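# A structural walkthrough
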Amino acid sequence: MSQEEISFIPHTPSVLKQLFTQRGITPNKRFGQNFLTDQNTLVCIPDIADLRKDDVVLEIGTGTGGLTRLLAARSSHVFTIEVDKKLFELSSDILKLYNNVTLVHADILKTKHELNPHITSLILNWLREYDQTRIKVVANLPYHISTPLIINLLEDTLPIDLMVLMLQKEITDRMLAIPGTREYGILSVITRLYSEVEVVKTLPPEVFWPRPEVHSAIVRIVVRKEKYAGSITDYQLFKNIVHAIFTSRRKTLMNSLERLNFPKISRERLKGVIKDMQLDERVRGEVLSVDQLLSLSETIGRVDHQSVN
Ligand code: SAH
């Protein structure tokens, strides 16, 4: 296949199948490989992200580069990350003619709790060099890592102001869940802390090859990293409380807090903190709103500080 041909190859299931057979590639479930092949869906994504010529974009999961080409045509630069070597090589060929694409062969996550620092510094250095200050994340995410990935993208210092993501429908339900429901959890809390989410479209498995077993949705996430910046004194304490609550959902708030073992805060004092918040002693932590969780962690931080051994 000539460079011209491979650069403009249509991303239909039959063409991708043929290309994969030629190169001895099979879609790998372990990497969440479901390629977006529906043209209408592909072309609407840059519009939802409201891409402009001076935008810098981060895409996670290059795959076969079908979305990357559209992003590159509409923005000033695209950083696109692919973990699978064979797909990295294939998309390098497909994207060769695009001189505003940086394709990186790497895992976007260093651990479940941290983005790959090589990628974040690559982007931050580039932004500094080209005098840019913001990026947009636009991606059809690998579904198996989307929860830790979204949390890390929101918590990291990367200056993201918008994310347009294709996600498993269930994940968008969890992002938007209200306190006390089964879907309400760490993802809902972190999402609400840093952003505003809107589901733009829900999509059936047929828009992908191979078809996933689940329904999908495109979400538009307006990110405001500074939203709560001033109101959290000790972010680690806040996270510890949220984790304690949601990793043992059936426990009362009191039990979850006790398990955190604040050496300077007695059981009676903890009871007092809960009572002062106008909450019942037997309440479960999972019914607390983000504002209540914030005020709880501020109070505990203060009490812990004031207490003398
Ligand atoms: N954006 C493409 C591919 C989506 S499939 C499209 O829309 O068609 C998800 C892609 O993410 C796969 O190519 C998979 O190999 C890649 N991927 C999975 N885990 C990853 C990780 N940890 N870091 C970077 N890429 C990853």
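These numbers were taken from a predicted model, which means no experiment stands behind them. (Residues numbered from 1 in each chain as written. Predicted model: local features only at pLDDT ≥ 70, side-chain atom pairs only at ≥ 80, totals over all residues. Heavy atoms only, no water.)

### Here we look at the site of the ligand
Spelled out, the test is: Whether a residue is near a molecule or strand depends on its heavy atoms: if one lies within 4 Å, it is near. Residues adjacent in sequence count toward polar contacts only when both atoms are side-chain atoms; beyond that, a polar contact is any pair of N or O atoms within 3.5 Å, and within protein one must be able to donate a hydrogen and the other to accept it. Note on areas: Shrake-Rupley with a 1.4 Å probe; residue coverage comes only from the protein chains shown. Helix and strand labels come from DSSP, where a helix needs a run of H or I of at least four residues and a strand needs a run of E of at least two; each type is numbered from the N terminus. Side-chain classes are defined by residue name, with Ala, Val, Leu, Ile, Met, Phe, Trp, Tyr, Cys and Pro counting as nonpolar, Asp, Glu, Lys and Arg as charged, and the others, Gly among them, as polar.
In the region of the ligand, 22 residues are neighbours, and Q33, G61, E82, D107 and N140 sit closest. Within the contact set of the ligand, an oxygen atom lies 2.9 Å away from a side-chain nitrogen or oxygen of Q33. Between G63 and the ligand, the recorded distance is 3.4 Å, taken from a backbone N or O atom to an oxygen atom. When the ligand sits alone it has 580 Å² of accessible area, and the protein chains cover 98% of it. Residue assignment for the shell around the ligand shows that the elements contributing at least two residues are strand 1 (35-36) and strand 3 (77-82). A breakdown of the residues in the shell around the ligand according to their chemical character gives ten nonpolar, eight polar and four charged.

### Describing the sheet that holds strand 8 (residues 160-168)
Sheets are built from strands paired through backbone hydrogen bonds, the pairs being either parallel or antiparallel. What counts is decided by this rule: The criterion for strand pairing is that DSSP finds at least two bridges linking the strands in question. The axes are straight lines fitted to the C-alpha atoms, using for helices just the contacting stretch, and the angles between their N-to-C directions are given from 0 to 180°. Two residues form a contact once any of their heavy atoms are found within 4.5 Å.
Taken together, seven strands build an open sheet; the order of strands is 4-3-2-7-8-11-9 and the sheet is mixed. For this open sheet the edge positions go to strand 4 (101-105) and strand 9 (195-203), each flanked by a neighbour on one side alone. Across the sheet, the axes of successive neighbouring strands diverge by a mean angle of 15 degrees, strand direction being ignored. Where strand 8 lies against strand 11 (residues 216-223), seven bridges are found, and the strand directions are antiparallel. Among the inter-strand pairings, L167 is bridged to a residue of strand 11, identified as A217. Running over the sheet, helix 6 (residues 117-129) touches strand 2 (56-60), strand 3, strand 4 and strand 7 (135-140) and is turned about 170 degrees from strand 3.

### Observations concerning the packing of aromatic side chains
Quick note on the threshold: In summary, the pairing rule links any two rings of Phe, Tyr or Trp, Trp by its six-membered ring, whose centres are within 6.5 Å, and it sorts them by plane angle into stacked for under 30 degrees, edge-to-face for over 60 and tilted for everything else. Residue burial is assigned from relative accessible area. The probe radius is 1.4 Å, only protein chains are included, and a residue is buried under 20% of its type maximum, exposed over 50%, and partly exposed in between.
One pass over the structure, following the stated rule, counts nine aromatic pairs. The interplanar angle of 75 degrees and the centroid separation of 5.3 Å between the aromatic rings of F20 and W209 together place this pair among those described as edge-to-face. Of the two residues, F20 is situated in helix 2 (residues 13-23) and W209 in strand 10 (residues 208-209); the sequence distance between them amounts to 189 residues. We note that F20, like W209, is buried. Counting every residue linked through ring pairs, the aromatic cluster contains F20, F35 and W209.

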